[in-house]
Amino acid sequence: MASIIERQALWDQFLKRWPIANLEMLTLQEYCQAGNTDVFIFWMESKTSILGSMWGGSAFKFGVYSRKDQSEKVEGSGKSYNEQYAWYTKYGDNAEKAFEIVRSHIVAIAKAAQNGDLEQIEKIDIGTAFKWKIAFLYQNQNRPSILPIYKSEYLRIITESTEKRMSIMNRQIMQEINDRNVLEYGDELWSTLEPKLKTELSPSEAKAYLDQSESFGSIKAPTKYIAGYQHKLEQRHQLALTLDNQKTTIYFNPGNWIQSIESQLQEVIYYTAEKSRSSNIAANAPQLAVGNPMIKAVVPNMSALIAVIEAYEKIDSSDTKLTNKSNSLPTDSEIRTMPPLNQILFGPPGTGKTYATIDEALRILDKNFLTTNQNNRDALKKRFDELEAGGHIRFVTFHQSFSYEDFVEGLRAENDPDGNLRYEVKEGVFKEICDSAAAKVTKQAETHIELTGRKIWKMSLGNTQGEDAYIYEDCIENGYALLGWGGLTDFSNCKNREDVYQEFLKSGHKVNKDDYAVRAVSTFLLKLKVGDLIVVSDGNTKFRAIGEITSQYRSISREAQEDLYGQCRNVKWLRVYKPSLPSNQLMHNQFSQMTLYQLHNSSIDLKALAALLNVATPPNYRLISDIYQVNELIGNYKVAKITEDLIELTKPNGSTLPIGMSLLKALAEYVRNGKISIEDIRNKAVFDKVPDSSLEKFLVNGYNNILPYLVSKLVSNKILDPNLNAGHLENNRKVLIIDEINRGNISRIFGELITLIEPSKREGADEALKITLPYSKKPFMVPGNVFIIGTMNTADRSLSGLDIALRRRFIFKEMPPQPELLKNTFVEGVNVGDILEVMNERIEVLFDREHCLGHAYFMPLRKENTLPKLSLIFRSQILPLLQEYFFEDWERIAWILNDQNKSSNQAFVQNSNNNLSGLFGNTAEMLQNLDKRWHINEAAFNNIESYKGILGVAN
């Protein structure tokens, strides 16, 4: 905190810049101008923030303000807009007239403050915090009467009263100032206030705060369970406070407003319009009733409550993100367009949490594709797999032994090329995806190139951990690539590898003909061609630049640098990345340690390379449906069906022959690489040429009459995936999916990063934090474009038992059972959705809702609605889960299945007390209630009456 002297100097500076004598001549442009930091309201809110904060709430607190966002706004709720300004309509019908009223208010406040007339200040109609900060700054400093605390809720906490008038509270508190400086006194008051703001908030305390709110008023008298409030100007914006919960739980209208303060809330859950909720909400806050989306959140303390109400005040009925043409609340789809940075999908087993992560990831990365293919699950899964393969999505499962070293970074034992053991810092999955998201293109050139026919090479330019690390920067800066093998020897006259070897010997190098030095120089000199591309590696798992060879070989002097990197090719650097990108965004595998080698099609992803360079996909890439045609005749065979995975042919006898695309692609690759020819396929000679092939020999040789034609079509036409859209993802976003997030030790896994994942602490945010990682000693921040999606099984651990640090940094989306998805699924007349619904109702009564059964267990019945399938589900999944839930309390399990109301042969579990007399003789009757023996009735699983009996309708 700034010292008293520093703050006093700033106070004097403010009064010099804005003397009271000049306020009556203040112009609208001097008062507010977007982007100008030397206007009155910027001084008030930002430059003098150390003299007491008035941040938060709507900019309408200034009466009139200059708009940064100049999009069209719909007037209403007492607010007016033009292209440049927004103002309260009550002040005038245009910005200039409104400002005249606002200016007169400011002058009146300043004069009243100098005279100590706090009651007059109270009467003036302008934003409360703004008004009292003006009063503070212009008061008589020799006889101060106003505190540097401008929010009435803070003063109420200090005075422990329900007083609303700031004038009364200021006078009461200032009686104790004695001879202290008013800034010093404010510090003392704040030090006593701050702990109170952080203590746990009760619903009654929250209600008392809302009852005193200047922005929200009661909708009606509260009930025992709910108190409803609505914005006094934006009356369609409501909130509902639960009064019967131990935690302070509030329901809100959804919107972007929550993103700025979500880290201060806990257990944030989005409700879609159709999701069920307490009927008490509808009675007290009708805009939050079923039929409207809403947000539920736990507000942990008074500080969070003040922040959330201030953020919620900013909701504007003219905001196009929250208003459609019918002036209604946001739709479900609009809620879903605002993906949170950190979210957890939670619910009982089998509710589709992991299944839903695919939609959530695509909503973040490729929303248009998700919208277009919403009902095509195969297409969505395929697109998800492509993004995962391209490094845009990472998937990890937490477990008890998962650690910080796996997640962030740690030491790993590795063997160097000489076989010596060494320990290197290896990045974990979270660090990798953060680096990928943070990577920026620091240098680029226009690329009007085709990838077809170009050779691509991997090349190392110095060792990032070695003495020659500077070589890379030298190459990037000067537009060339340097090779250290061969030193300063000039190989310009060499025509072949033998010449290179002889030149080595002439120069005094002791090498063998097969040494890698000879091979590397030969490749650099003879095989690299103008127009070839090089990918510069950074270790084995990253790359940091892509360039195009633009000149023939030349030897250069390195006298000034005093090194031996004398072999040179000029390079046009197309892309340079910092930090380096993970290799999986370009490669199908890791790089090897060799300095220079060719990257073949099997190792490099050309589509990913095209996306990185923003060039068109190679023209010989085509859709499968363009290469082959349905009904096309191939000899006596006809093409019946074409998918991305197979071609289905109709044989002359009418039967079908499916041929996998993987087989055709493998054979085509053999042909392209010169390992076999089309004639070899026709002559059954494939396995003579490629004896180690893993292809099915019987299939390749058995269909030598049709495979040559199918493969020849692929040789000249590589397959283009129609769903691929790499390079056009939203803002280079990355998604990390953490399955079973609650099963890991959160403190041990996240470590200090648990703070950095908060939206407000991310890179680029106002309160961004940077740490030094413990192993690599490198600075690290979490980028703002890394999204975390967790899944959590509530049967393993409830939300209340979850790590508090995790809970308050994530938004929670409930994934409840959906029996309605099975309402049209019947097995021999029994409605499967009804079975699931009634069993879950019984589980809620006997256990809790967190241990219900998910609908996913029964979804296979939508395709195969047979009794054997239903029997398999109950016997292998449902009954074992109930055993786990109830710790083999068979009586309760029987109640869930309604076995107590069925005949014995229809019960799934049966009591085994029929032979007590044989075991215990005369004491058998006394032991009837102690007999805990039960057994499973296997016959019941194949009896449809047993399932009807769950519903209470068995014969």
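The paragraphs below set out a description of the structure included in this document.

Rules of the game
Residues numbered from 1 in each chain as written. Predicted model: local features only at pLDDT ≥ 70, side-chain atom pairs only at ≥ 80, totals over all residues. Heavy atoms only, no water. Salt bridge = Lys/Arg side-chain N within 4 Å of Asp/Glu carboxyl O. Buried < 20%, exposed > 50% of the residue type's maximum accessible area, 1.4 Å probe, protein only. Phe/Tyr/Trp six-rings, centres within 6.5 Å; stacked < 30°, edge-to-face > 60°. Helix = DSSP H or I, 4+ residues; strand = E, 2+ residues; numbered from the N terminus. Lys NZ or Arg CZ within 6 Å of the ring centre and 35° of its normal. Pairing = 2+ DSSP bridges. Axes fitted to C-alpha atoms, helices over the stretch in contact; angles between N-to-C directions. 1 Å grid on protein atoms, 1.4 Å probe; cavity = no way out; pocket = protein on both sides within 12 Å on 5 of 7 lines; lining within 4 Å. Points joined across faces, edges and corners; volume = space filled by probe spheres on them.

**Notes on the pattern of salt bridges**
Point 1. For the coordinates displayed, the defined rule picks out 42 salt bridges.
Point 2. Of the charged contacts, one joins K97 and D93 as a salt bridge, the two residues approaching to 3.7 Å between their closest N and O atoms.
Point 3. Overall, D93 belongs to the exposed group, its relative accessible area being 58%.
Point 4. In this structure, E163 and R165 form a salt bridge, with 2.8 Å as the shortest nitrogen-oxygen distance.
Point 5. Each member of the salt-bridge network shares a partner with another, and the members are E427, K431, D435 and K542.

**Focus: the packing of aromatic side chains**
Think of a pair of aromatic rings as described by two things: how far the centres are apart, and how the planes are tilted against each other in angle.
Point 1. Evaluated as defined, the whole model comprises 34 aromatic pairs.
Point 2. Both rings, one in W11 and one in F136, keep their centres 4.6 Å apart while their planes meet at 20 degrees; by these two values the pair is stacked. Taken together, the residues W11 in helix α1 (residues 4-17) and F136 in helix α6 (residues 128-138) connect sequence positions 125 residues apart. Pair check on accessibility: W11 and F136 agree, each one buried.
Point 3. These aromatic residues form a ring-pair network of at least three members: F14, W18, Y31, F40, W43, F99 and Y138.
Point 4. One cation-aromatic arrangement involves R17 over W18; the distance from NZ or CZ to the ring centre is 3.9 Å.
Point 5. Positioned over the ring face of Y88 is K90, at 5.1 Å from the centre of the ring.

**Some words on the sheet that holds strand β2 (residues 79-81)**
Point 1. Pairing within the open sheet is antiparallel, and its 3 strands lie in the order β1-β3-β2. Each end of this open sheet is capped by a strand with a single partner; those strands are β1 (64-66) and β2. This sheet shows a mean twist of 15 degrees between the axes of neighbouring strands, independent of strand direction.
Point 2. With 3 bridges connecting them, β1 and strand β3 (residues 85-88) associate as antiparallel partners. Following the sheet pairing, Y65 is matched in β3 by A86.

**A closer look at empty space enclosed by the protein**
Point 1. Tallied over the full model, the rule gives 1 cavity of 30 Å³ or more.
Point 2. A volume near 40 Å³ is recorded for the largest cavity.
Point 3. If you trace the largest cavity, you find it lined by G391, R394, E432, I433, S436, P582, N584 and Q585.
Point 4. No other element matches the 3 residues that helix α18 (residues 429-438) contributes to the lining of the largest cavity.

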